[in-house]
Amino acid sequence: MVDTSVERAQAIEETLASEGFADVRRVAAGCNLVAMVEQLSPDIVIMDMSLPDRDALDGIKELTARTPRPVVMFADEQDAGFVEQAIAAGVCSYNLSDAATRDVKTIVTTAIALFDRYKRVESELEEIKGLLAQRRLIERAKAHLMHNRRMTEPEAYAWLRRRAMNSGRKIAQIAAELLKCAAPETDRTGAGESLPGEEK
Amino acid sequence: MNGRSSHSGNTSRLKIGLLRLTDSAPVIVACELGYFAEEGVQTELMVEPSWANIADKLAYGFSDAAVILPPLAFAITLGLRQPAQSLVVPFSISMGGNTVTLSRELADEVQTIALRDHVPLVNALAATLTPKPERPVFAVVHNYSTHDLLLRYWLATAGIIAGRNADLVVIPPQRMVEALQTRRVSGFCAGAPWGEMAVRAGAGTTVATSRDIWRNAPEKVFALRQDWAESHPGMLEGAVRALLRAARFCDAPENAAYTAALLSRPDYLGVDSQAILSSLPGAVPAMNRTVFHRHAATFPWRSHAQWFLGQMQRWGLLDAPAQTRTIADRIYRPDLYRRAVAATGESVPVADVKPEGAHRSTWSLDASPRPIAMDADYFCDGAVFEPSD
């Protein structure tokens, strides 16, 4: 927890301790925040949004990309509207400072829940994207076989599946290899998100 | 944070995010001297404590525009830090102004070697660091910053590679003095006036500035949310004209004292006006002057964008397959600049890109209606960056 207001920090710490959050570490503003986060490996970071030290945390997001942590920001009254929108977006959690001492447990619990949901949705999305990409690869490999080897669609699929079973790999892998041999690099769009020659 | 309105009660106000930096000058001047108002643009300035706040408020649509670092504008548009928000850059704010400031003892060592062996300071720095057992730590103000890219570029010319034989950390500029004093870092790269603040506190010595790394290096830009820009085309043009006028004001040495006093107010930078003055035009010594207007400083050069994006790729901040030219064209919008200033008589560059680093002295830029007098733009290693057009 990084806070400018000692009283607020104390109140939050007491509330969290009495609500069963085992270990609250208070960190002085301006200390080596990155090293502290890496060393303590906290489940959640609570910080004052008015501190410039936020930029240091912005920097470690990437380092900790594999084990991201929810961050709760306590903001001032002027930023009320911003806080609402940020919470609605559900990516990162902002909360108003005047609510802090009373409802701190709810806020922290909500932040963790929002964060977990966000991570879950994100990983599901990645999974679906992967599946879609595989489907597209197989479709294109089939089209390639039908066009170049005069196969029917069931024949093309059977051909891919047989290869996959024989080599103990996935059909999508076989499809990718086939397309790679057939069309080396030349039709890459380079944009990263689209597959080579997708428009065909 | 500190919402301040030049006019209130209007729903379509342009909300501009700023940090406590010298490059906020044109926006503050345009607001305080009524240039925005004269163009019919109602503004609200939001002085923020961190780049993360600037970025989040743009990303969530809570501000409309900001004085921002080009690499951060790219990161926001590309969603490199969640969530993504498309930005456009119709105006460049400044050139130069950053300093590389080392702890005093390290700087003494480096300067002694540089004088003795007649080598560039960065090579002297490499020579002092090599025999030391611990990796040196340098600080920058944000992951996606001009400071990060310029410092990496400079260090690399002497074989100091961040992540291999040196570490880069992020520390807010207000904490740099303390970080030097406690030996947490050997040095830092930050915008004005923070290097000067460290020098005044007796904590550090400035050994290089932006101009020693890249002469007239582009620094901050004025970025707006694309959706706001598209729904307020008239206000966007008015804002660009007001900023152009303010840039001209800030570039005049006779206005420097006034600008410094204005910026030093507690609700803006809140630091000694003398420290700000040293980074404004007309400063003596002219070590780290920020350029706001002359040498086509306000034009959003797409070659600047391409260079930054290329450097982001070089250091793994951006995926290699990303099409830097497409991204640069999407975000940097010289067409919006030209449309806005067409009626003002301001000379506007004919091309959208120029070779970067090709000029060792003054030169003349093809512009309409009159050519623009340009200054040197070379890199410390003599490289020339040829943009794709």
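Please read all numbers here as calculations on a predicted model, not as lab measurements.

Now, about the overall build of chain A: what can you tell me, with residues and values included?
When you go through chain A residue by residue, the secondary structure sums to seven helices and three strands. Along chain A, helices (α) and strands (β) appear in the sequence α-α-β-α-β-α-β-α-α-α when read from the amino end. Sorting the 200 residues of chain A into buried and exposed places 40% on the buried side. Sequence-distant contacts, at least 24 apart, represent 54% of the contacts inside chain A between residues at least 6 apart. Accessible surface for chain A amounts to roughly 11700 Å². Of this, 53% is attributable to carbon and sulfur atoms.

Tell me about the overall build of chain B, residues and numbers included.
Assigned secondary structure in chain B consists of 17 helices and 15 strands. Here the C-alpha coordinates of chain B stretch approximately 60 × 45 × 40 Å along the principal axes. Scored against the burial criterion, the 389 residues of chain B give a buried share of 62%. Long-range contacts, defined as pairs at least 24 residues apart, comprise 73% of the intrachain contacts of chain B with a sequence gap of at least 6. When the accessible area of chain B is evaluated, it comes to approximately 13800 Å², of which 49% is carbon and sulfur surface. Averaging the locations of the 36 positively and 38 negatively charged side chains of chain B gives two centres separated by 2 Å.

Describe the pattern of salt bridges, naming the residues involved and giving the relevant values.
Residue and element names in this part refer to chain B. One pass over the full model with this rule turns up 29 salt bridges over all chains. Residues Arg152 and Asp148 are paired through a salt bridge, measuring 2.9 Å at the closest nitrogen-oxygen approach. Taken as a pair, Arg152 and Asp148 lie in helix H7 (residues 146–156) at a separation of four residues, close to a single helical turn. In this pair, the class of Arg152 matches that of Asp148, namely buried. Residues Asp329 and Arg302 are paired through a salt bridge, measuring 3.5 Å at the closest nitrogen-oxygen approach. Note that Asp329 is positioned in helix H16 (residues 324–331) and Arg302 in helix H15 (residues 302–314), a separation of 27 residues in sequence.

Hey, could you go over the nonpolar core for me, with residue numbers and the actual values?
The nonpolar side chains of a soluble globular protein tend to be buried with one another. With 135 residues, the main nonpolar core has Leu14, Val27, Phe36, Ile68, Leu125, Trp154 and Phe222 of chain B as its most contacted residues. Counting residues per element, this core draws most heavily on helix H12 (residues 233–251) of chain B, which supplies eleven residues. Not counting chain neighbours up to four residues away, the residues in contact with Phe222 of chain B comprise Leu14, Ile16, Val27, Ala65, Ala66, Val88, Val89, Pro90, Phe91, Ile93 and Leu243 of chain B. Listed in part, the 15 residues of the second largest apolar core include Leu137, Ala156, Trp159 and Leu179 of chain A.

Mind laying out the packing of aromatic side chains, listing which residues take part and the relevant values?
All names here are of chain B. What the rule picks out here adds up to twelve aromatic pairs over all chains. Taking 6.0 Å as the distance between ring centres and 80 degrees as the angle between the ring planes, the aromatic pair formed by Phe249 and Tyr258 counts as edge-to-face. With a relative accessible area of 17%, Phe249 lands in the buried category. Relative to Phe379, the ring of Trp307 lies with its centre 5.4 Å away and its plane at 25 degrees, an arrangement referred to as stacked.

Please give an account of the sheet that holds strand S8 (residues 167–170) of chain B that cites residues and values.
Residue and element names in this part refer to chain B. Sheet architecture is open: five strands sit in the order S8-S7-S9-S6-S10, paired in mixed fashion. In this open sheet, the two strands that pair with only one neighbour each are S8 and strand S10 (204–209). On average, adjacent strands in this sheet sit at an angle of 25 degrees to one another, irrespective of strand direction. Note that strand S7 (residues 137–140) and strand S9 (residues 187–191) share two bridges and pair parallel. If you follow Ala139 over to S9, its bridge partner there is Phe188.

Any chance you could break down the confidence of the model for chain B for me, citing the residues and the numbers?
Residue and element names in this part refer to chain B. Averaged over every residue, the pLDDT of chain B is 92; residues scoring 70 or more account for 96%. Scored below 50 in pLDDT, residues 1–10 makes 33 contacts in the model with residues more than four places away or belonging to other chains. Here the predicted complex carries an ipTM of 0.80, next to a pTM of 0.80.

Conventions adopted
- Residues numbered from 1 in each chain as written.
- Chains lettered and ligands numbered in written order.
- Predicted model: local features only at pLDDT ≥ 70, side-chain atom pairs only at ≥ 80, totals over all residues.
- Heavy atoms only, no water.
- Helix = DSSP H or I, 4+ residues; strand = E, 2+ residues; numbered from the N terminus.
- Buried < 20%, exposed > 50% of the residue type's maximum accessible area, 1.4 Å probe, protein only.
- Contact = heavy atoms within 4.5 Å.
- Areas by Shrake-Rupley, 256 points an atom, 1.4 Å probe, with all protein chains shown as cover.
- Lys, Arg positive; Asp, Glu negative; His and termini not counted.
- Charge placed at Lys NZ, Arg CZ, Asp CG, Glu CD.
- Salt bridge = Lys/Arg side-chain N within 4 Å of Asp/Glu carboxyl O.
- Core = buried A, V, L, I, M, F, W, Y, C linked by side-chain atoms within 4.5 Å.
- Phe/Tyr/Trp six-rings, centres within 6.5 Å; stacked < 30°, edge-to-face > 60°.
- Pairing = 2+ DSSP bridges.
- Axes fitted to C-alpha atoms, helices over the stretch in contact; angles between N-to-C directions.
- pLDDT = per-residue confidence, 0-100.

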